[in-house]
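Coordinate analysis (summary)
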Amino acid sequence: MLDDIDRALVHALQIDGRASFRQIAEVVGTSEHTIARRYRDLRSRGLLRVVGMLDGARFGQTSWAVRLVCTPDAAGPVAEALARREDTVWVRLLSGGTEIACGVQADSDGDDLLLRKLPRTPRIVSMSAHATLHMFAGWRSRIAVLSEEQVARLRPAPAYEHEHEIDLSGEDRTLLRVLAQDGRAGFGELAAATGCSQTTARRRLEQLRVGGALRFDVEIPAQALGYHAEAWLWMKVEPRALTAVGAALAGHAEADVVAATTGPANLMAGVTCRDTQALYRYLTERVAPLSGVREIETAPVIRTVKRVGALLP
């Protein structure tokens, strides 16, 4: 469990993943040494990581939610193998450990190695892929302890849309791979990895960020925040009610991500509750009364193999 300073640090990093420890300390009201020490401690224990994420939509990619049913002995190894791939964004074991759900960034033309290769893997019994059509809510945090004034002091300059498409160089892709493991990697480390100067690494990072191609997320286990029941909801919603139901779910504090998708289950949501009883109450009291919902399939998360970004060695 995190204390007040830890939570303030996490909230600050959610606002700006690359804010300096000095800036965070000034906003929170403690010393730079304390913030740096807390960050290093949380990261060394695997409780906190900042990751840099490429906005695939800016480069013609489509987000897919892929569901896999494996033979009982295969789900763990298959999930681990998927998590090591650069094109998977998140990977979770569901429903007793035989089902896997993962997020994939694929080229819009459909010529993607993972989506073409998976059905021919013998240990995978079945697979379905659902393209994301619209995001109602995306990977929201459960920590909000800073005041509006503190948030304003930390908020980075807003990204803007370029008139022309951003072209990624080989150095850019190397820089992004480093940031996917550690979004707070220093400019010296980025320069060494890309073979350019620190000034060039700093300039290119800022160009990608301000251009809206690069964003930073904070990875933190729900259990560290006191939440012990995670589940994916696959919902069949009447088309006329899809927008209303999606917007309603996005307004629920329990919903981390809500998206309209292709396929018979046309709405998916990732939800997190304090415990299984709270999950039951949420499903029966908040979700069930929504008009237009025909079916709900609840798949509890057994283990998060990959939360976001790249796996650490």
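1. Some remarks on the overall build of the protein
When helices and strands are tallied, the protein shows eleven helices and ten strands. At 20 Å, the protein has a C-alpha radius of gyration in line with the 20 Å of a compact globule built from 313 residues. Split into buried and exposed, the 313 residues of the protein put 50% on the buried side. Considering only contacts within the protein whose residues lie at least 6 apart along the sequence, 77% involve residues at least 24 apart. Of the accessible surface of the protein, which amounts to about 15,200 Å², a share of 50% is contributed by carbon and sulfur atoms.

2. Here we look at the pairing of strand 4 (residues 99-107)
For strand 4, the tally of buried residues reaches eight of nine residues, placing the bulk of the element in the interior. In terms of strand pairing, strand 2 (residues 61-70) meets strand 4 through nine bridges, oriented antiparallel. Note on strand 4: the bridge partner recorded for serine 63 is glutamine 105. Taken together, the six bridges between strand 3 (residues 88-94) and strand 4 define a ladder with antiparallel strand orientation. Across the sheet, residue arginine 92 finds its bridge partner in strand 4, namely alanine 101.

3. A short note on the environment of serine 126
Assignment of secondary structure puts serine 126 in strand 5 (residues 124-137). We classify serine 126 as partly exposed; its relative accessible area is 35%. Serine 126 sits 55 residues away from threonine 71 along the chain, and the two C-alpha atoms are 9.8 Å apart. With sequence-adjacent residues up to four places away left out, serine 126 is seen in contact with Arg67, Leu68 and Val69.

4. Some thoughts on the nonpolar core
Judged by nonpolar contacts, the single largest core of 45 residues is most densely connected at Leu9, Leu13, Ile24, Leu48, Leu154, Leu190 and Leu208. Elements with a contribution of two residues or more to this core: helix 1 (4-15), helix 2 (21-28), helix 3 (32-44), helix 6 (148-154), helix 7 (170-181), helix 8 (187-194), helix 9 (198-210) and strand 6 (214-219). Broken down by element, this core gets its largest block of residues, six residues, from helix 1. The residues contacting leucine 48, other than those within four sequence positions of it, are Leu9, Val10, Leu13, Tyr39, Leu42, Arg43, Val218 and Glu219. One finds Ala137, Met235, Tyr282 and Val293 within the second-largest nonpolar core, a separate group that totals 25 residues.

5. As for the pairing of strand 2
Judged from the seven bridges that link them, strand 2 and strand 5 form a sheet pairing that is antiparallel. Looking across to strand 5, one finds that valine 66 is bridged to alanine 129.

6. Examining helix 10 (residues 242-250)
If you check which residues of helix 10 are buried, you get Leu242, Val245, Gly246, Leu249 and Ala250. For helix 10, the angular spread of buried residues about the axis comes to 135 degrees, placing them on one side. Of the exposed residues in helix 10, the ones pointing more than 90 degrees away from its buried face are Thr243 and Ala244. Of the surrounding secondary structure, the elements contacted by the buried residues of helix 10 are strand 5, strand 7 (229-237), strand 8 (255-261), strand 9 (267-273), helix 11 (276-287) and strand 10 (293-306).

7. Quick look at the sheet that holds strand 10
In space, the eight strands of this closed barrel follow the order 2-4-3-10-7-9-8-5, with antiparallel pairing throughout. Strand after strand, the sheet turns through a mean of 35 degrees between neighbouring axes, direction not considered. Helix-sheet contacts for helix 10 involve strand 5, strand 7, strand 8, strand 9 and strand 10, and the interaxial angle to strand 5 is about 85 degrees.

8. Observations concerning the side chain of arginine 7
Positionally, arginine 7 belongs in helix 1. Of the side chains bearing the opposite charge, aspartate 4 lies closest to the buried arginine 7, which forms no salt bridge; the N-O distance is 5.6 Å.

Rules used throughout
Residues numbered from 1 in each chain as written. Predicted model: local features only at pLDDT ≥ 70, side-chain atom pairs only at ≥ 80, totals over all residues. Heavy atoms only, no water. Helix = DSSP H or I, 4+ residues; strand = E, 2+ residues; numbered from the N terminus. Rg over C-alpha atoms; globule rule 2.2 N^0.38 Å. Buried < 20%, exposed > 50% of the residue type's maximum accessible area, 1.4 Å probe, protein only. Contact = heavy atoms within 4.5 Å. Areas by Shrake-Rupley, 256 points an atom, 1.4 Å probe, with all protein chains shown as cover. Pairing = 2+ DSSP bridges. Core = buried A, V, L, I, M, F, W, Y, C linked by side-chain atoms within 4.5 Å. Arc of directions from axis to C-beta. Axes fitted to C-alpha atoms, helices over the stretch in contact; angles between N-to-C directions. Lys, Arg positive; Asp, Glu negative; His and termini not counted. Salt bridge = Lys/Arg side-chain N within 4 Å of Asp/Glu carboxyl O.

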